[in-house]
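# Inside the fold
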Amino acid sequence: MNILGLNYIYHDSTACLVEDGRLVVALEEERLTRQKHTRAFPEQAISRCLEIAGLAPAEIDHVAISYQPDLDRRKKIVYGLKLGRKVWPFIHYEVQHVLSEQRRLRDWVDATFASEGKPDLHFIPHHTSHVVGSFFVSPYESAALLSVDGSGEWATSFKGVGRGSTFQCLAQDYFPMSLGAVYEAATEFCGFRTNYDEGKTMGLAPLGNPDTFSETVSKMFWVNEDMSVGVDLSYFNYQNYARRCGEKFFETFGSPREQAKAAPFEQQHLDVAAAFQQRLEECILEIARQLRERTEEEYLVIAGGVALNSVANGRLVRESGFKDVYVMPAAGDNGTAIGAAYCVWNNILGQPRTFVHDDPFVGTGYEDSQIRKALEEFKLPYHRVPDDRLESLTADLLHRGHIVGWFQGRMEIGPRALGNRCILADPTLPDMKDKINAQVKHREAFRPFAPSCPIEDTPRFFEQNVADPFMLKVCRVRPDKRAVIPAVTHVDGTARLQTVHRETNPRYHTLLKEFERRSGVPVLLNTSFNVMGEPIVESPLDAVRCFFTTGLDYLVLGNCILGKRPGDLAGIIPASDGPPQGSAGH
Ligand SMILES: [Fe+2]
């Protein structure tokens with residue numbers, strides 16, 4: 001039984017294939033088209049998924065789409081009628097965009113499948129795809145469920161409970177009562193792109209003082225006793241399908257920051273980020289508290305764009321009273337493709353739950369021969385290093401202070417690089433954060449970097465007692481270790497830790513251990529292999545391009561290592577290994 005899962009209406013278009021209940025492949029369209037966060041129909045992702053799974057289109061039995069076009073239609077019409085003269089942007093989005101995407105799906109089905117061999121199409125509500133789907137691939141037999149984002153069809157949240165292959169929705173919020181949209185307003189005020197850069201607002205928050213505006217912000221959005229979200233819309237404008245902040249927002253907080261990378265941050269931008277972040281955390285914690293009381297569940301599954309707020313997730317782990325929290329690696333809209341597919345497999349088809357999504361490496365992968373062919377096409381000299389020396393040689397480079405592009409195995413699903421498409425560096429060097437921000441990623445100087453650490457070494461460096469293989473739960477760095485790993489410790493003493501597990505990524509785990517052998521520290525600075533504004537690299541070609549257009553020092557592509565200049569690897573690769581290969585033209 002083959003299920004194709006699709007997400008494409010909003011952003012982060014994604015396709016995945018679930019074969020007899022097992023997630024075989026999941027791919028974000030942006031990695032292939034190089035258009036970050038694209039919402040285009042995931043045509044290329046579908047083709048690559050089929051290729052990787054070795055399936056012909058005719059072998060797809062079901063297509064699961066993480067959007068139900070007619071859901072809450074009545075609510076939308078009533079809302080549209082109330083907008084009066086402001087109705088046109090609403091109509092443009094709801095009618096024109098959504099209808100054209102539906103047409104796109106129909107065209108694809110007609111072009112791909114013979115008329116008698118069409119798969120069953122299932123339109124799964126957006127928030128059900130987010131969190132019920134996440135629950136079905138979580139390790140829990142039963143759990144409380146919470147999904148929060150800007151908005152789905154019309155709902156902006158889902159609060160419920162999952163048990164076995166069933167679920168129950170207890171409550172939902174509807175547009176414009178939206179924690180996601182409110183946080184987007186703060187993002188806009190700080191000069192970042194909405195529905196795109198919310199992570200930057202979160203990263204900026206520790207630089208501000210939340211107390212400056214906390215009283216005002218606590219009256220702008222809140223959680224009622226029935227878990228519902230309340231918003232004082234007089235501050236906002238997103239409800240009119242326009243810019244997120246209203247005039248009253250600016251009267252209260254001052255001038256917004258210009259939307260330009262070089263624009264300066266004024267104190268009010270930092271303080272708004274801090275106050276909105278703190279308030280968001282309080283609201284999420286309050287919903288979680290009420291949800292735990294109502295469901296009496298021990299575990300929580302959280303999904304939706306707001307579930308990418310790893311600082312809020314960290315507080316959920318520490319303060320909500322749940323034993324642990326599961327967040328899938330693609331907790332945003334990309335993961336709804338997977339969620340929709342599992343809603344079909346487990347809930348609609350009634351299959352038992354047998355799969356746990358604990359391995360994010362479900363994307364494309366390249367054979368050694370393909371990597372070497374790409375390098376040789378560019379006439380790039382490289383050294384081919386045997387398996388048993390690859391990690392130790394890379395650890396040598398890192399320990400000498402070099403910044404290394406690390407491209408291994410199958411690509412991760414979700415926004416974080418988790419050991420296979422990474423830029424790695426020594427976290428003990430105090431200037432490393434500024435160096436990578438300025439020379440490699442070309443991004444704002446305040447933005448922090450994250451640490452990777454083997455799960456068994458985590459307690460020595462971090463105040464974290466749960467696994468976090470997907471880098472989605474911010475924790476505190478132990479006070480005595482903050483000066484040891486300054487490049488990955490944020491100004492408030494926290495870090496967005498990734499726990500690394502030998503079972504899911506043996507090569508990356510070994511690299512961390514080799515680095516510890518040299519430095520005494522089993523931690524590496526790990527940031528995604530891309531430059532600002534571009535998706536994470538997908539192919540060896542993308543990796544080479546990124547390598548030569550940034551301040552990366554070395555590139556490790558599978559078993560091939562290369563520097564930028566002839567002789568860069570002299571003294572690192574033993575002379576007995578001979579000259580580099582693929583050096584024609586040099
Ligand atoms: Fe969403």
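The present account deals with the structure reproduced in this document. (Residues numbered from 1 in each chain as written. Predicted model: local features only at pLDDT ≥ 70, side-chain atom pairs only at ≥ 80, totals over all residues. Heavy atoms only, no water.)

Further remarks concern the sheet that holds strand 12 (residues 324-326). Spatially, five strands are ordered 8-7-6-11-12 in an open sheet, and the strand pairing comes out mixed. Only two strands of the sheet have a single partner each, and these edge strands are strand 8 (166-171) and strand 12. Between one strand axis and the next, the sheet turns by 25° as a mean value, whatever way the strands run. Those strands touched by helix 5 (residues 126-136) are strand 6 (142-148), strand 7 (157-163), strand 8, strand 11 (299-303) and strand 12, and its axis lies near 150° from that of strand 6. (Pairing = 2+ DSSP bridges. Helix = DSSP H or I, 4+ residues; strand = E, 2+ residues; numbered from the N terminus. Axes fitted to C-alpha atoms, helices over the stretch in contact; angles between N-to-C directions. Contact = heavy atoms within 4.5 Å.)

For the structure on display, the rule yields 40 salt bridges. Its salt-bridge partner being Arg163, residue Glu297 comes within 2.8 Å of it at the nearest N-O pair. You can see Glu297 sitting in the loop between helix 10 (267-295) and strand 11 and its partner Arg163 sitting in strand 7, a full 134 residues away along the chain. Its relative accessible area of 9% is what places Glu297 among the buried residues. Residues Glu516 and Lys513 are paired through a salt bridge, measuring 3.6 Å at the closest nitrogen-oxygen approach. Here Glu516 pairs with Lys513, and both are found in helix 17 (residues 506-519), just three residues apart, close to one helical turn. Looking at Glu516, the relative accessible area reads 19%, which means it is buried. Each of Arg193, Asp197, Lys200, Glu444 and Arg447 takes part in one network of salt bridges that share partners. (Salt bridge = Lys/Arg side-chain N within 4 Å of Asp/Glu carboxyl O. Buried < 20%, exposed > 50% of the residue type's maximum accessible area, 1.4 Å probe, protein only.)

Of the protein atoms, only His126 (NE2), His130 (NE2), Asp149 (OD) and Asp333 (OD) coordinate the iron ion, at distances of 2.1 to 2.3 Å. Classification of the site at the iron ion rests on its four donor atoms, whose angles at the metal span 87 to 169°, yielding the label irregular. Donor residues for the iron ion, ordered by position in the chain, follow H-x3-H-x18-D-x183-D. With His126 in helix 5 and Asp149 in the loop between strand 6 and strand 7, the pair connects residues that are 23 residues apart, well separated along the chain. Residue His126 shares its accessibility class with Asp149, and that shared class is buried. (Donors = N, O, S within 2.8 Å, 3.2 Å for Na, K, Ca; no water. Tetrahedral: all angles 85-135°; square planar, octahedral: opposite > 155°, others 65-115°.)

So, on to unusual backbone geometry. Among all residues except glycine, the phi angle is most often negative; among peptide bonds, the trans geometry is most common. Cis geometry is adopted by the peptide bond preceding Pro176, which originates at Phe175 and carries an omega value of 5°. A positive phi angle, close to 60°, is found at His37, a residue other than glycine. With respect to the helices and strands, His37 occurs in the loop between helix 1 (29-33) and helix 2 (43-53). For His442, which is not a glycine, the phi torsion comes out positive at approximately 50°. Tracing the chain through its elements places His442 in the loop between helix 15 (432-440) and strand 16 (450-454). Given a relative accessible area of 32%, His442 falls into the partly exposed group.

Along the chain, the position of Asp388 falls in helix 14 (residues 387-399). Since its relative accessible area comes to 65%, Asp388 is described here as exposed. Sequence-wise, Asp388 and Gly571 are 183 residues apart; in three dimensions their C-alpha atoms are separated by 19 Å.

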